[in-house]
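Below are the chains, spelled out letter by letter.
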Amino acid sequence: MKLVNGFTLMDYAKKKGILLPAFNTTNYELTSGIIKGFESTGLGGYIAISSSNLKLSSPKIIADMVKSLMADTTTPVSLHLDHGKSFEDVKACIDAGFTSIMVDASHLPFEENIQEVRRIVEYCHFYGIPVEAELGAIQGKEDDHVSEEDAKTNPDDVAEFIERTDCDLLAVSIGNVHGMDLTPNLDFSLLDEISSISSVPLVLHGGSGIPFDQVRKAKEKNLIKVNYGSDLRQAFIRTFGGAYEQNHNEFDLMSLSKESIFNIQGRVEAIIKEINM
Ligand code: G3H
Ligand code: ZN
């Protein structure tokens, strides 16, 4: 199946009443496991790659790999730039065929965040591609990016931010964290308030480690997308780490790579089923 436009994927989720998972990829094994997981469950979502990960693989390498792995699939998947950090990254991803974009200017003061998002929204909408923006800062670690800042989304800023940026999805900071080192503590009354104000669907980052019943509860509050990164990365690393622990002489990379794809697929299937139970 061809990559699906992000707006089409959002419509699909609304029609089906499902929460879309966004799985972060890093390499071939993760990408393959994610696509197999989407295909076997028959429920769509996003393959995402963050700006920081683009230092390892270019947008074109990622897009080409995803497109060829999807040649024989039938489940709708969009290719998403996660935590887009620069206009250059956004442009390179759209040129490579990405179908959904996030711009993360949440580290900037409110007014500058608006200006940066607005600039990228104008560019992406020209190509018919939706933009996710972030308001508030999410604490934790993602790839080589560590954020100490924990600024929850201020509900008083939500309406103005959406109106002035014209963003299509809003990533919120409500006690969710990136990575596995901190414990998430979701503030549902804040989510409730934001959801009653927001005219666009919401996104929850830092899915790894959030109990699934809480994700399902958040789904009732206009949540359309939930991001998973560390969970799958651990499945990959553990495959190789476990084999090395058992045999310091291990060198069968082919078998372990296949096993890692199988393990990642298993996590993807479990997450897709849990969040949409
Ligand atoms: O943008 C990606 C995510 O928010 C992933 O967070 O590694 O905590 O699942 P996570
Ligand atoms: Zn994130």
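The following paragraphs examine the structure supplied in this document. (Residues numbered from 1 in each chain as written. Chains lettered and ligands numbered in written order. Predicted model: local features only at pLDDT ≥ 70, side-chain atom pairs only at ≥ 80, totals over all residues. Heavy atoms only, no water.)

So, about the nonpolar core. Looking at soluble globular proteins, one finds that nonpolar side chains tend to be buried together. Judged by nonpolar contacts, the single largest core of 80 residues is most densely connected at Phe 23, Phe 98, Ile 101 and Leu 170. If you tally residues by element for this core, the top one is helix α5 (residues 110-126), at 6 residues. (Core = buried A, V, L, I, M, F, W, Y, C linked by side-chain atoms within 4.5 Å. Buried < 20%, exposed > 50% of the residue type's maximum accessible area, 1.4 Å probe, protein only. Helix = DSSP H or I, 4+ residues; strand = E, 2+ residues; numbered from the N terminus.)

Further remarks concern the site of ligand 1. Near ligand 1 there are 15 residues, and of these Asp 82, Gly 179, Gly 206, Ser 208 and Ser 230 occur at the shortest range. Here an oxygen atom of ligand 1 and a side-chain polar atom of His 205 are 3.1 Å apart. Here an oxygen atom of ligand 1 and a side-chain polar atom of Ser 230 are 2.5 Å apart. Against a free-state accessible area of 310 Å², the protein chains account for coverage of 99% of ligand 1. (Near = heavy atom within 4 Å. Polar contact = N/O pair within 3.5 Å; in protein donor to acceptor, adjacent residues only side chain to side chain. Areas by Shrake-Rupley, 256 points an atom, 1.4 Å probe, with all protein chains shown as cover.)

Inspection of every chain in the model, using the stated rule, returns 7 aromatic pairs. Centre to centre, the rings of Phe 87 and Tyr 123 are 5.1 Å apart; their planes meet at 70°, and the pair counts as edge-to-face. Of this pair, Phe 87 sits in helix α4 (residues 87-96) while Tyr 123 sits in helix α5, and the two are 36 residues apart along the sequence. Tyr 123 carries the same exposure label as Phe 87, and that label is buried. Consider the rings of Tyr 123 and Tyr 127, whose centres lie 5.3 Å apart with planes at 55°: the pair is tilted. We classify Tyr 127 as partly exposed; its relative accessible area is 44%. Through a chain of ring-to-ring contacts, the aromatic side chains of Phe 87, Tyr 123, Phe 126 and Tyr 127 assemble into a single cluster. (Phe/Tyr/Trp six-rings, centres within 6.5 Å; stacked < 30°, edge-to-face > 60°.)

Its 17 residues place the ends of α5 24 Å apart at the C-alpha level, agreeing with the 24 Å of an ideal helix rising 1.5 Å per residue. For α5, the complete set of buried residues consists of Asn 113, Ile 114, Glu 116, Val 117, Ile 120, Val 121, Tyr 123 and Cys 124. Check the buried side of α5 and you find it contacts α4, β4 (100-103), β5 (131-135) and α6 (155-165). In the segment just after α5, Gly 128 is the residue with positive phi, at about 70°. (Expected span 1.5 Å × (residues − 1). Contact = heavy atoms within 4.5 Å.)

Ligation of the zinc ion (ligand 2) by protein atoms is provided by His 83 (NE2), His 178 (NE2) and His 205 (ND1), these donors lying 2.1 Å from the ion. Between consecutive donor residues of the zinc ion (ligand 2), the sequence gaps follow H-x94-H-x26-H. You can see His 83 sitting in strand β3 (residues 77-84) and its partner His 205 sitting in the loop between β10 (202-204) and α8 (212-219), a full 122 residues away along the chain. (Donors = N, O, S within 2.8 Å, 3.2 Å for Na, K, Ca; no water.)

Two quantities define a packed helix pair, namely the angle between the axes and the distance from one axis to the other. Between helix α3 (residues 59-69) and α4, whose axes approach to 9 Å, the crossing angle comes to 30°. In terms of crossing hand, the pair formed by α3 and α4 is right-handed. Contact residues: α3 offers Pro 59, Lys 60, Ala 63 and Lys 67, while α4 offers Ala 92, Cys 93 and Ala 96. In terms of residue class, the contact of α3 with α4 is built from 5 nonpolar, no polar and 2 charged. (Axes fitted to C-alpha atoms, helices over the stretch in contact; angles between N-to-C directions. Left-handed = near helix turned anticlockwise from the far one by under 90°. Nonpolar A, V, L, I, M, F, W, Y, C, P; charged D, E, K, R; others polar.)

Moving on, we get to the sheet that holds strand β2 (residues 45-50). Strand pairing in a sheet is mediated by backbone hydrogen bonds. Such pairs are either parallel or antiparallel. Taken in spatial order, the 8 strands line up as β1-β2-β3-β4-β5-β8-β10-β11 and close into a barrel, and their pairing is parallel. Strand-to-strand, the axes of this sheet are offset by a mean angle of 25°, without reference to chain direction. With 4 bridges joining them, β5 and strand β8 (residues 169-172) adopt parallel strand pairing. Of the residues in β8, the one forming a bridge with Ala 133 is Leu 170. (Pairing = 2+ DSSP bridges.)

Looking now at the packing of helix α2 (residues 28-41) against helix α10 (residues 253-275). Where α2 contacts α10, the axes come no closer than 7 Å and their chain directions differ by 45°. Taken together, α2 and α10 sit at an angle that is classed as oblique. In this structure, α2 meets α10 at a crossing whose hand is right-handed. Each of Tyr 28, Glu 29, Leu 30, Ser 32, Gly 33, Ile 34, Lys 36, Gly 37, Phe 38, Ser 40 and Thr 41 in α2 lies in contact with α10, whose residues at this interface are Ser 257, Ser 260, Ile 261, Ile 264, Gln 265, Val 268, Glu 269, Ile 272 and Lys 273. Of the residues that constitute the contact of α2 with α10, the class distribution is 8 nonpolar, 8 polar and 4 charged. (Parallel < 35°, antiparallel > 145°, perpendicular 65-115°, else oblique.)

Glancing now at helix α1 (residues 6-16). Looking at α1, one finds that the buried residues are Gly 6, Leu 9, Met 10, Tyr 12 and Ala 13. Down the axis of α1, the sector holding all buried residues measures 160°, keeping them to one side. Projecting away from the buried face of α1 at angles above 90 degrees are the exposed residues Lys 14 and Lys 15. Those residues of α1 that are buried are in contact with β1 (20-24), β2, β3, β4, β8 and β11 (223-228). Put simply, Asn 5 is the residue that caps the front of α1, since its side-chain oxygen is 2.7 Å from the backbone nitrogen of Phe 7. Just beyond α1, the residue with positive phi is Gly 17, at close to 65°. (Arc of directions from axis to C-beta.)

Honestly, that's just the spatial picture; any functional story needs more than this.
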